[in-house]
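One letter stands for each residue in the lines below.
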Amino acid sequence: MGPAESPAPAQPKAIQVGADTITEGGIYQPEVLEPKWQKRWEQDGLYRAVVDPTLKKFYALTMLPYPSGDLHIGHWYAMTPSDARARFMRMRGYNVMFPIGFDAFGLPAENAAIKVGVHPRKWTYANIERMRTQLRAMGAMWDWTREAVSSDPEYYRWTQWFFVQLFKQGLAYKKMSPVDWCPNCNTTLAREQVWGDDRHCERCETPVIKKNLDQWFFRLTNYAEELLDFSHCDWPDRVKTLQTNWIGRSEGARVIFQTEVGDPLEVFTTRPDTLWGATFMVLAPEHPLVEKITASENKAEVKAYMQQAVRQTDIQRESADKEKTGVFTGGFAVNPVNGVRIPIWIADYVLITYGTGAIMAVPAHDKRDFDFAMKYGLPILPVINRTDGLTKSFALGKTMQPGLADALRAEEIPFEERQGSLYINIPPEKIDRYIEIARAHLNPSSWNEIVGTRWVFIFPDGVREWDSIDSEQEILARCQELEPNVREKRSLMEMVWGVEFYRDALFHDQQGELIHSAEFSGTPGAEAVRKVSEWLAARNAGGPAVSYRLRDWLISRQRYWGAPIPMVYCPVHGQVPVPEDQLPVLLPDDVEWKPTGESPLKLHPTWAKTSCPVCGSPAERDTDTMDTFVCSSWYHLRYLSPKYDRGPFDPAEYDYWMPVDCYTGGIEHATMHLIYTRFFHKACRDMGITRGPEPMLQLRNQGIILGEDSEKMSKSRGNVVAPDDLVKKYGADTVRAYLMFFARWSQGAPWNSQGIEGTHRWLNRVWALLTQVPKNTSTDAGEHADRILSRVMHQTIRRVTRDFENFEFNTVISALMEFTNTLYKYRETSLYGTPVWEEAADILMLMMSPVATHMAEELWHRRKGAGTASIHLQKWPTFDPALAAEEEATIVVQVNGKVRERLQLPIGAGEAEARRLALASDAVQKWLAGKEPRHVIYVPDKLINLVV
RNA sequence: GCCGAAGUGGCGGAACUGGCAUACGCGCACGACUCAAAAUCGUGUCCCGCUCGGCGGGAUGAGGGUUCAAUUCCCUCCUUCGGCACCA
């Protein structure tokens, strides 16, 4: 023999079979058949979604991609399993719409323009063109006729139209306010786009700063309550929790205090039950009342404080560890419940953006107020009883007569004695008895006090309760008179805080029975919250109230590449929306998009100059553009009819397709896009534009694919997986299948470049199984082989159907792999080619077709012959429970819960039978050791447990 | 600090309603084919022990509880990840 030659790979040859072109040759060649079928499907309009009232519709949607220029493996991970599921639904008889488009406005285009000098429009549309090609390589069932691009004038015309509708409805408003500004992106950001401890920009991670700007907002907060209702949302709990926390609902009460300058001062509190403990008030430095209530002698200090508060960044200001600062305004307010006059301070730990921007401070039961009061020596008054009964007294040696210790022992009051002083823990029921004992042993010119459950000072001439601000002052003065050491203490709390032993009894923030609260004393916590709220309401001094953490949505952006805000400023008529028939307000091409911090449109020589739509006098356009989340809040509506020009969408299409039945995408949008789009839908519903409670009924999130090194994929780490390379190497079907298989879809996992080989191997095995005739089929398949294969087939249909329904794609694939293995087991036997074999082969192809879209189509055509309809038009197979049912079950025999034997019994075997056979087993007898089972648990078809 | 999710072989993971833990795949080992390798195919692969084709014990982050029986239900703790954080 001469030198060995490796066999040349079979060259594929295209052959014509009727209308079908089929690749001849034994080798699986995705690079040949994938483009072929993609082209064919496109020509046939196979995935066109057309309104058909005779069919049940299914609107499947994946989140709109940004045209960054390169499809990432994350896009594949988000889109191809979603596509497979949409295909599954289609095969189950639904009329499925699965559209695609581009979120084409936004900063990267502008940043690229600044960096390399390409116009944002050119950059964006070139990227879109490239991504269309990449998206087509997925073999997905996109209906490209419904493609929508948010930067097209025919799209943003309607983004602007929605803005105008919101404005007319009073849901869009302009306001001067301190807003988050990203110094790198040179624009404002919505609250949701500011992330993390250091409050950085969601996009570029630069820490944001505050700027005071006149900006447009959408009234998200109007819908806060409704957004908390997820009763129509089949959504992951995680997303619902994130949104719920983000909205941050707090129940409590409004309380109106009267200031001495005459203006009412309203606060929000979650603890109206602590109202009697309010010893001062605090306003945010930006609070509008600050100026008016500040006394003339405090003006300078207050002004200085306000200035330094404004200068600070949010990070400094909102850091919880920061020591609290503030200044007294010189003003006072009157507590509506008891008429007590309390000082008003300003401090930056109170936020102007939450509640009313003012608080009543109850330092005894709020940690922040406590810290502040202790720092500035403000009075503290406990008004809520402890729930743990902790009650303490410290008896300094020189203040008490000898015999106290013996008296306490006799009374069984526990204490510790150290250096002649007693550290006493008083059982709550013995407090009165203790007071008697303490009085009896008190030295003249001394006192003793109780803290915790009771707040009592025992003086030689009597007992004084610490139950009001007045008594607090009197007691403090009295103590200072008796003891020079406490003369510098500014409050009674500060004085007792000096005793280390007391510290854990001095502060708590639990709910509990009210004390020191006039007629409400003795009321239990939850009841007190309710009763005090009602009491306030009855006296027009407030009442029950709800507050939300959610803020209105800031949508102005000082950037070029976005939808211009369609507003005109007229010196006579003020804010005037651009009339609907004049939309869109077109973005000019000739702008300088340099990052100046000003809107590029503002620097355009002529663009902003216009005339007032009302009076025609010279007027100015708004030169900001809209946050791109506005564009993406309604794209699911534009997909309905991207060319429609009499409205944002064709109502007939809306009636049929909406709402979205299944929405898939990443969890990172939980508090941004997914809140905005719900808001948009609900606002539009209230204007009669949309219908129904929710835009997206079902939501599922995919996880994140990490790099092979388990780190986040990034170019700088060099761990990026490029889908184009994978498609080239393995074909799209392998990539699709692997993405579905390699991890729980909802969770994601690190990439594994060896793992994909296994999936590729599987597809090759399926290919060989269905294209190659085995050498030998004479071996007997064994008894009932046909029934076994049929059973496995029906069981597989059951498993795959269930797992597809539940988005459990990894087990869809493993079930199909197992089914393939079963077929391989019988391939070289007499079962090959029998009707049940052929049926199983068909079913395997059908169930693989949502996954390996091209391969399944190719195999289908090869096996079904010329002119066959696409596999993607076939029905999903159904299973027959009778045929899927096992005939025999393995019964596990346990002795005392441990497996000792296994029995093969027919399904439905009775307990007596199982018991008889179990007891007949030697292994079981060995473990029973001659004893009779005391107790037998029998689970039919599963297990018998003998307990001795 | 508060809220939430998750911890199962060397790795990704499976286990439906409390009933055989570790399916499927990767990796690894051995074998077949080959001069050889790749590819492919086959066999094995949680840990420990033993009188080793079998048998016994242990193991689902740790500890406890409920139960005839717990990866699954309950409690405590640990770790990791995510979100919120001076929100009154």
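Residue positions are given per chain, counted from 1 along the sequence in the order it is written. Here chains are named by letter from A upward and ligands by number from 1 upward, in the order in which they appear as written. Per-residue local features of the predicted model are confined to residues with pLDDT of at least 70, and side-chain atom pairs are confined, for both listing and counting, to 80 or more; whole-chain, interface and lining totals are unaffected and use all residues. Excluded from the side-chain calculations are hydrogens and water; all other atoms, namely the structure's heavy atoms, are used.

Student: What is the right way to read the overall build of chain A from this model?
Tutor: Labels follow the DSSP assignment, with helices taken as runs of H or I lasting at least four residues and strands as runs of E lasting at least two, numbered in each case from the N terminus. A count of helices and strands for chain A gives 32 helices and 37 strands. The quantity called the radius of gyration is restricted to C-alpha atoms. Its globule counterpart is 2.2 Å times the number of residues to the power 0.38. A globule of 948 residues ought to have a C-alpha radius of gyration of about 30 Å, yet chain A, at 38 Å, is considerably larger. Projected onto its principal axes, the C-alpha positions of chain A cover 120 × 105 × 60 Å. Contacts are assigned to residue pairs that have any heavy atoms within 4.5 Å of one another. Taking all contacts inside chain A whose residues are at least 6 apart in sequence as the whole, residues at least 24 apart take part in 71%. Only the protein chains shown count as cover for residues, and all accessible areas are computed by the Shrake-Rupley method using a 1.4 Å probe. Accessible area for chain A stands at about 41,200 Å²; split by element, carbon and sulfur atoms hold 51% of it. In chain A, which carries 108 positive and 122 negative side-chain charges, the distance between the mean positions of the two groups comes to 3 Å. We treat Lys and Arg as the positive residues and Asp and Glu as the negative residues; His and chain ends play no part in the count. Positions of charges follow a simple convention, taking NZ of Lys, CZ of Arg, CG of Asp or CD of Glu.

Student: Would you mind showing me how to read the packing of aromatic side chains here?
Tutor: Think of a pair of aromatic rings as described by two things: how far the centres are apart, and how the planes are tilted against each other in angle. Only Phe, Tyr and Trp rings take part, Trp by its six-membered ring, and two of them pair if their centres are within 6.5 Å. Stacked means planes under 30 degrees apart, edge-to-face means over 60, and tilted covers everything else. Taken as a whole and assessed by the stated rule, the structure comprises 56 aromatic pairs. Between Tyr77 and Phe742 the ring centres are 5.6 Å apart and the planes differ by 65 degrees, which places this aromatic pair in the edge-to-face class. Within this pair, whereas Tyr77 is found in helix α2 (residues 73-91), its partner Phe742 is found in the loop between α24 (732-741) and α25 (755-771), the two being separated by 665 residues in sequence. Accessibility assignment for this pair places Tyr77 and Phe742 in one class, buried. Centroid distance Phe230 to Trp235: 6.3 Å. Interplanar angle 45 degrees. Geometry classified as tilted. Using a 1.4 Å probe on the protein chains alone, a residue whose accessible area is under 20% of its type maximum counts as buried, one over 50% counts as exposed, and one in between counts as partly exposed. On the accessibility criterion, Trp235 (3% relative accessible area) is buried. Over the ring of Trp41 we find Arg87, and its NZ or CZ is 5.8 Å from the ring centre. For a lysine, the NZ atom is tested; for an arginine, the CZ atom; a charge sits over a ring if that atom is within 6 Å of the ring centre and within 35 degrees of the ring normal.

Student: When you look at the protein's contact with RNA strand B in this model, what are you seeing that I'm missing?
Tutor: In the neighbourhood of RNA strand B, 56 residues make up the surrounding shell, with Arg191, Ser250, Thr270, Arg368 and Phe742 lying closest. One heavy atom within 4 Å of a molecule or strand is enough for the residue carrying it to be called near that molecule or strand. Sugar plus phosphate: this is where 64% of the atoms of RNA strand B within 4 Å of the protein reside. Nitrogen and oxygen atoms within 3.5 Å of one another constitute a polar contact, given that in protein one can donate a hydrogen and the other can accept it, and given that sequence-neighbouring residues count only through two side-chain atoms. Contacts to RNA strand B include Arg761, whose side-chain N or O atom sits 2.6 Å from a phosphate oxygen. The contact in question runs from a phosphate oxygen of RNA strand B to an N or O atom on the side chain of Trp927, over 3.3 Å. Broken down by element, the residue count for the surface near RNA strand B peaks at six residues, all from helix α27 (residues 809-827). Any residue outside Ala, Val, Leu, Ile, Met, Phe, Trp, Tyr, Cys, Pro, Asp, Glu, Lys and Arg is labelled polar, Gly included; the first ten of those are nonpolar and the last four are charged. A class-by-class count of the residues in the surface near RNA strand B yields 19 nonpolar, 18 polar and 19 charged.

Student: Even after reading the chapter, I still don't get the pattern of salt bridges, so can you show me in this structure?
Tutor: When the charged atoms of two side chains with opposite charge come close together, those side chains can pair. Should a side-chain nitrogen of Lys or Arg be within 4 Å of a carboxyl oxygen of Asp or Glu, the pair is scored as a salt bridge. Enumeration over the complete set of coordinates arrives at 61 salt bridges. Where Lys682 meets Glu226, a salt bridge forms, and the shortest distance between an N and an O atom there is 3.2 Å. Taken together, the positions of Lys682 in helix α22 (residues 673-686) and Glu226 in helix α6 (residues 224-227) put the pair 456 residues apart, joining distant regions of the chain. By relative accessible area, Lys682 is classed as buried at 2%. A salt bridge links Asp686 to Arg685; the nearest nitrogen and oxygen atoms lie 3.0 Å apart.

Student: Please clarify how the side chain of His365 should be interpreted in this entry.
Tutor: Counting through the fold element by element, His365 comes out in the loop between β17 (358-361) and α11 (367-376). Of the polar contacts made by the side chain of His365, one reaches the backbone oxygen of His508; its length is 2.9 Å. What His365 contacts, discounting residues up to four positions off in sequence, is Thr274, Pro382, Val383, Ile384, Phe507, His508 and Asp509.

Student: What am I meant to see in the sheet that holds strand β25 (residues 553-554) here?
Tutor: Two orientations exist for strands paired in a sheet by backbone hydrogen bonds: parallel and antiparallel. The four strands lie next to each other as β8-β7-β11-β25, forming an open sheet whose pairing is antiparallel. The open sheet is flanked by β8 (187-189) and β25, the only strands paired with a single partner. Across two bridges, the pairing between strand β11 (residues 209-218) and β25 is antiparallel. Along β25, the bridge assignment pairs Phe218 with Trp553. Following DSSP output, two strands are said to pair if at least two bridges run between them.

Student: Help me understand the environment of Arg249, please; the structure alone is not making it clear to me.
Tutor: Inspection of the secondary structure puts Arg249 in strand β12 (residues 249-259). Arg249 sits in the partly exposed class, given a relative accessible area of 34%. C-alpha of Arg249 to C-alpha of Val585: the two residues are 336 residues apart in sequence and 38 Å apart in space. The contacts of Arg249, once residues within four sequence positions are left out, are Glu225, Leu228, Val546, Ser547 and Tyr548. Only 2.9 Å separates the side chain of Arg249 from the side chain of Glu225, close enough to count as a polar contact. At 2.8 Å, the side chain of Arg249 forms a polar contact with the side chain of Glu251.

Student: Whenever I open this one, the environment of Asp371 confuses me. Can you help?
Tutor: Assignment of secondary structure puts Asp371 in helix α11. Once the C-alpha coordinates of Asp371 and Ile435 are considered, the two residues, 64 residues apart in sequence, prove to be 31 Å apart.

Student: Would you explain the pairing of strand β19 (residues 415-418) in this entry?
Tutor: In this structure, β19 lies alongside strand β20 (residues 421-425), joined through four bridges in antiparallel fashion. From the neighbouring strand, Glu417 faces β20, where its bridge partner is Leu422. With antiparallel pairing between neighbouring strands as the criterion, β19 and β20 make up a hairpin whose turn holds two residues, including Gln419 at a positive phi of roughly 50 degrees.

Student: Looking at this model, I keep getting lost on the domain arrangement of chain A. Mind explaining?
Tutor: Size of an interface, as often reported, equals the accessible area lost when the parts are brought together. Segmenting chain A into domains produces domain 1 (249-383 + 527-548), domain 2 (391-504), domain 3 (753-883) and domain 4 (886-947). The straight-line distance from the C-alpha centre of domain 2 to that of domain 4 is 73 Å. Where each domain starts and ends comes from a domain assignment, either automatic or drawn from a database.

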